[in-house]
Amino acid sequence: MTHQDRNIDAERRAIRQLDPTESNRIAAGEVVERPASAVKELLENALDAGASRILIAVADGGKTLIRVTDDGHGIARGELALALCRHATSKLDGDDLVNIRSFGFRGEALPSIGAVARLRLSSRVAGAEAWEISVNGGVLADPVPCTLRGGTVVEVRDLFHATPARLKFLRTDRAELQAISEVVKRLSLSAPAVAISLRDVSGGGEGRVIYSAERADPAARMEAVLGRDFRTNAIEIDAVRQGITMTGFAALPTYSRGAAVAQFLFVNGRPVRDKQLTGALRGAYSDFLSRDRHPAVCLFLTCPPSEVDVNVHPAKTEVRFREPGLVRGLIVSGLRQALAEAGHRASTTVADATLGAMRPEAAAQPRIYQMDRPSLGERPAPYAVQPAPTGFADDGSGWAAARTEPAPAVPDQVEETPAYPLGVARAQLHENYIVAQTPDGMVLVDAHAAHERLVYERLKAQAAARSVPSQALLIPDIVDLPADDLARLADARETLSAVGLDIEAFGAGAVAIQSVPAALGQVDGKALLTDICDELADQGTTTRIAEKLDAILSRIACHGSVRTGRRMQAEEMNALLREMEATPHSGQCNHGRPTYVELKMKDIERLFGRS
């Protein structure tokens, strides 16, 4: 420092011990950042007390009132004052900081909240009278008798009234209430056997219910928190590796979100927001999602308490594993295997979005139709033998963007559509989109995106077997590149060679492409290398070889797939559909977008007002 700091006196100050009120307010800054933090601590205490029902009421986003009522074990009269002292807890046995099985264990929550707010604690244990104790800004009162059936009630009023400066950093009541709701839902997922409700009682009275969940099994509780769409489009996860288990549900890549708001991770029942775990999650979905999309999951990791340290963050939201590589490997391999077993399945929300885009605006008057709808069994024959309408141009010049199969002669009995999952190709629209008919609806396929995924999966399998066939170029393709890109290609030369792309330096500022993966056929060498250089620059130098290889293969697959504008014969279209059915992950392209949309007959009829 080159000048005198105004916060440091010229004279030496004596070191002194902070009084309990000051130290509690400092500790509150770490433990109680906002009303949601206080709710989290109180709700964890209620769960640790063995409660089967917990009622939470807040007012003004938790700024003026937080009340948590539970039917747990309760606190004895002689322990009420001790519960409001720092580092006093019933959750540790001696000095064992390894075998921690409860949510809380620090003994800081109640005294920290009491140091910055007006807190009242009422409790009753079985076979004893109910007692109440209060603390105001760190000043403790004597216990007094009260009326209570059982359990504990913690009431917090005027949060941060003792530290008014903290109030300036709080957000709006609505934003704080949303944060409280998020905390309650996360903890609710970890305790499905406990009924939990959250009410907003701003303005007095009973208020309104923000969240309510009765006792249920884990799957039902998950559906109550994340919604039915998540459950419908999620895959059940159950994986084990060296004593660590991972259970829960992971959504399909096509059900991705624009932010990491639907990621619920738990370690031994404790909700965590750990960068190590979220990084492993991104690694598991890296093959299926672009970097601006985030997977939706609800995963529970269970391991011996001695294998994880939960005492690394004041709010207990981060953990440290004894063997982090083992945990990452479990998450990545477990999720990828489950997604592979899902095959070509895609999210049902894709079809819902399609219907929403196609549905016309509501008419002023209800539609009235003059004909009766034929039954499903009667429909094919009459519809098949209808003569072609007259009055239309025969040359079809206005319909050059669509190709259809030649119309077969009308048989005596209409042939049923084969029961393929993705149906039978009937037409190609705009020289890219395949229209397929299924027994109970239709499928619209993006041929370019689907083939891109198929080529990528084929290249990955060949690379894993170290047998990517390459095609030597009769005349090497010379590509001029900037010095930075040349350096990146030189560093990745062995990786590129492993996937069938051989390059050599050609002068000061160019490379010569000697061979390309055989699956690509004829490619634009400059465009291919430019894309690979962009991917290498985006991945950075710290990326693992396997991830870098997958990223390169993804770029290569894009250049080797069916291009938009290419007309396909019926045999080609059906072959593509059959390969999609047999290939894992074919329901989404390399960027997480859907490769096909399926509409059931009831959905199509709804579009035309027939339902």
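Here, every reference points to the structure presented above.
Nothing here was measured: the structure is a model prediction, and the numbers come from that model.

Q: So what exactly am I meant to see when it comes to the overall build of the chain here?
A: In terms of helices and strands, the chain carries 19 helices and 24 strands. Within the span of the chain, comprising 611 residues, buried residues form 44% of the whole. Sequence separation of at least 24 residues holds for 69% of the intrachain contacts in the chain that already meet a minimum separation of 6. Approximately 32,700 Å² of the chain is accessible, and the part contributed by carbon and sulfur atoms is 52%.

Q: Any chance you could explain a nonpolar patch on the surface here in plain terms?
A: Nonpolar side chains collect at one region of the surface, where Leu 429, Tyr 433 and Leu 444 lie side by side and expose about 220 Å² of accessible area between them. Structurally, the position occupied by Leu 429 is in strand β18 (residues 424–429). Take Leu 429: its relative accessible area is 31%, and that puts it in the partly exposed class.

Q: Looking at this model, I keep getting lost on the sheet that holds strand β10 (residues 234–241). Mind explaining?
A: For sheets, the rule is that strands pair by backbone hydrogen bonds, running either parallel or antiparallel. Strand order in the open sheet formed by 5 strands is β10-β11-β14-β12-β13, and the pairing between neighbours is mixed. Sheet topology places β10 and β13 (270–272) at the edges, where each strand pairs with a single neighbour. Across the sheet, the mean angle separating the axes of adjacent strands is 20° when strand polarity is ignored. Relative to strand β14 (residues 297–302), strand β11 (residues 244–251) is paired through 6 bridges, and the arrangement is antiparallel. Across the sheet, Thr 245 pairs through a bridge with Thr 302, a residue of β14. The strands touched by helix α6 (residues 173–190) within the sheet are β12 (263–267), β13 and β14, with β12 carrying the most contacts at an inclination of about 50°. Its contacts with the sheet put helix α9 (residues 275–285) on β11, β12, β13 and β14, and the angle it makes with β12 is roughly 125°.

Q: Just checking my understanding: could you explain the pattern of salt bridges for this structure?
A: A side chain of one charge can pair with a side chain of the opposite charge if their charged atoms are brought near each other. Taken as a whole and judged by the stated rule, the model has 25 salt bridges. The salt bridge partner of Asp 440 is Lys 600, with a shortest N-O separation of 3.2 Å. With a gap of 160 residues between them, Asp 440 in the loop between β19 (433–438) and β20 (441–446) and Lys 600 in strand β24 (residues 596–600) connect regions that are remote in the sequence. Taking the relative accessible area as the measure of exposure, Asp 440 reaches 39% and is therefore partly exposed. The partner of Glu 598 in a salt bridge is Lys 600, with the nearest N and O atoms 3.0 Å apart. Judged by relative accessible area, Glu 598 falls into the partly exposed class, the value being 24%. Each of Arg 67, Arg 120, Glu 132, Glu 155 and Arg 157 takes part in one network of salt bridges that share partners.

Q: I keep staring at the side chain of Ser 586 and nothing clicks. Help me out?
A: Position of Ser 586 among the secondary structure elements: in the loop between α18 (570–582) and β24. In terms of polar contacts, Ser 586 uses its side chain to reach the backbone carbonyl oxygen of Met 580, at 2.6 Å. Each residue touching Ser 586, except ones within four places of it in the same chain, is listed here: Gly 343, His 344, Arg 453, Leu 454, Met 580 and Thr 595.

Q: Sorry, what's going on with the sheet that holds strand β23 (residues 510–517) here?
A: Taken in spatial order, the 3 strands line up as β21-β23-β22 in an open sheet, and their pairing is antiparallel. Of all strands in the sheet, those with a lone pairing partner are β21 (470–480) and β22 (502–505), marking the two edges. Averaged over all neighbouring strand pairs, the angle between strand axes comes to 20°, with direction disregarded. Bridge analysis of β22 against β23 gives 4 bridges, and the strand direction is antiparallel. By the bridge assignment, Asp 502 is partnered in β23 with Ser 515.

Q: It is not clear to me how the packing of helix α2 (residues 35–48) against α6 should be interpreted in this structure. Could you clarify?
A: When two helices pack together, their arrangement is captured by the angle between the axes and the distance separating the axes. Axis separation between α2 and α6 bottoms out at 8 Å; the angle between their running directions is 25°. Between α2 and α6, the crossing angle belongs to the class labelled roughly parallel. Helix-helix and strand crossings are classified by hand; for α2 and α6 the assignment is right-handed. Across the interface between the two elements, Pro 35, Ala 36, Val 39, Lys 40, Leu 43, Glu 44 and Leu 47 from α2 touch Glu 176, Ala 179, Ile 180, Val 183, Val 184 and Leu 187 from α6. Classifying every residue of the contact of α2 with α6 gives 10 nonpolar, no polar and 3 charged.

Q: I would appreciate a short explanation of the packing of aromatic side chains in the present structure.
A: The description of two aromatic rings rests on the distance between their centres and on the angle between their planes. Under the counting rule described, the total for this entry stands at 3 aromatic pairs. Between Phe 266 and Phe 300, the ring centres sit 4.6 Å apart and the planes meet at 10°, which makes this aromatic pair stacked. Placement of Phe 266 in strand β12 and of Phe 300 in strand β14 is noted, with a sequence separation of 34 residues between them. Over the aromatic face of Tyr 420 sits the side chain of Arg 578, whose NZ or CZ is 3.8 Å from the ring centroid.

Q: Teacher, can you tell me more about the nonpolar core here?
A: A general tendency of soluble globular proteins is for nonpolar side chains to be buried together. Ranked by size, the top nonpolar core spans 58 residues in total, and within it Ile 54, Ile 56, Leu 119, Val 156, Val 184 and Phe 230 carry the most contacts. Those residues in contact with Ile 56 that lie beyond four places of it in its chain are Val 39, Leu 43, Arg 67, Val 68, Val 184, Ile 196, Ser 197, Leu 198 and Arg 199. Counting residues in hydrophobic clusters, the runner-up holds 34 residues, among them Ala 250, Leu 252, Val 310 and Val 327.

Q: I'm lost on the side chain of Glu 132 in this one. Help?
A: Tracing the sequence through the fold places Glu 132 in strand β4 (residues 131–136). A polar contact of 3.1 Å, which involves the side chain of Glu 132, links it to the side chain of Ser 122. The contact partners of Glu 132, leaving out residues within four places of it in the chain, are Leu 80, Arg 120, Leu 121, Ser 122, Asp 142, Pro 143, Val 144 and Cys 146.

Q: Where do I start with helix α14 (residues 483–491) in this structure?
A: Counting along an α-helix, one turn takes 3.6 residues, and residues three or four places apart therefore face a common direction. Along α14, the positions that sit buried rather than exposed are Asp 485, Leu 486 and Leu 489. Looking straight down α14, one finds its buried side chains confined to an arc of 100°; they lie on one side. Across α14 from its buried face, at more than 90 degrees, point the exposed residues Ala 483, Asp 484, Ala 490 and Asp 491.

Q: Teacher, can you tell me more about the pairing of strand β2 (residues 65–70) here?
A: Regular strands place side chains that alternate from one sheet face to the opposite one. Pairing between strand β1 (residues 53–59) and β2: 6 bridges, direction antiparallel. Counted as the bridge partner of Ala 59 is Leu 65 from β2. Adjacent in sequence and paired antiparallel, β1 and β2 are bridged by 5 residues, among which Asp 60 carries a positive phi angle near 55°. Taken together, the 6 bridges between β2 and strand β7 (residues 151–157) define a ladder with antiparallel strand orientation. For Ile 66, the partnering residue across the bridge sits in β7 and is Val 156.

Q: How should the pairing of β23 be read in this particular structure?
A: Extensive coverage of β23 is indicated by the burial of 7 of its 8 residues. Where β21 lies against β23, 7 bridges are found, and the strand directions are antiparallel. Among the inter-strand pairings, Ala 472 is bridged to a residue of β23, identified as Ser 515. Hairpin connection of β22 to β23: 4 residues between the antiparallel strands, including Gly 507 at a positive phi of 80°.

Quick notes on the rules
Position numbers for residues count from 1 along each chain, tracking the sequence in the order it is written. Two thresholds apply to this predicted model, a pLDDT of at least 70 for residue-level local features and 80 or more for giving and counting side-chain atom pairs, whereas whole-chain, interface and lining totals are computed over all residues. Each side-chain value is derived from all of the structure's non-hydrogen atoms; neither hydrogens nor water enter the calculation. For helices the rule is a DSSP run of H or I covering at least 4 residues; for strands it is a run of E covering at least 2, with both sets numbered from the N terminus onward. Accessibility here uses a 1.4 Å probe with only protein chains present; expressed as a share of the type maximum, an area under 20% marks a residue as buried, one over 50% as exposed, and anything in between as partly exposed. In what follows, residue pairs with any heavy atoms lying within 4.5 Å of each other are defined as contacts. Residue-level accessible areas treat just the shown protein chains as cover; the underlying method is Shrake-Rupley with a 1.4 Å probe. Only residues whose relative accessible area exceeds 30% and that take part in no salt bridge are eligible for patches, with like-charged residues grouped when within 9 Å of each other and nonpolar side chains (Val, Leu, Ile, Met, Phe, Trp, Tyr) grouped when within 5 Å. Only one rule defines a salt bridge in this text: a Lys or Arg side-chain nitrogen within 4 Å of an Asp or Glu carboxyl oxygen. In this scheme, strands are said to pair when DSSP sees at least two bridges between them. Structural elements are reduced to axes, namely lines fitted to C-alpha atoms, with helices fitted over the stretch in contact, and the angle between N-to-C directions of any two is expressed from 0 to 180 degrees. Polar contact criterion, stated in full: a pair of N or O atoms within 3.5 Å, where within protein one must be able to donate a hydrogen and the other to accept it, and residues adjacent in sequence count only if both atoms are side-chain atoms. Note on terminology: angles under 35 degrees are roughly parallel, angles over 145 are roughly antiparallel, angles of 65 to 115 are roughly perpendicular, and the others are oblique. For any pair of crossing helices, the crossing counts as left-handed if the nearer helix is rotated counterclockwise from the farther one by less than a right angle, and right-handed if it is rotated clockwise. Residue type decides the class: Asp, Glu, Lys and Arg count as charged, Ala, Val, Leu, Ile, Met, Phe, Trp, Tyr, Cys and Pro as nonpolar, and the leftover types, Gly among them, as polar. Pairing of aromatic rings covers Phe, Tyr and Trp, the last counted by its six-membered ring, and requires centre-to-centre distances within 6.5 Å; plane angles under 30 degrees mean stacked, over 60 mean edge-to-face, and any other angle means tilted. Cation placement over rings: the criterion is NZ of Lys or CZ of Arg within 6 Å of the ring centroid and within 35° of the ring normal. Within this scheme, the nonpolar core is defined by two criteria: the residues are buried Ala, Val, Leu, Ile, Met, Phe, Trp, Tyr or Cys, and they are joined through side-chain atoms within 4.5 Å. It is the directions from the helix axis to the C-beta atoms whose arc is reported.

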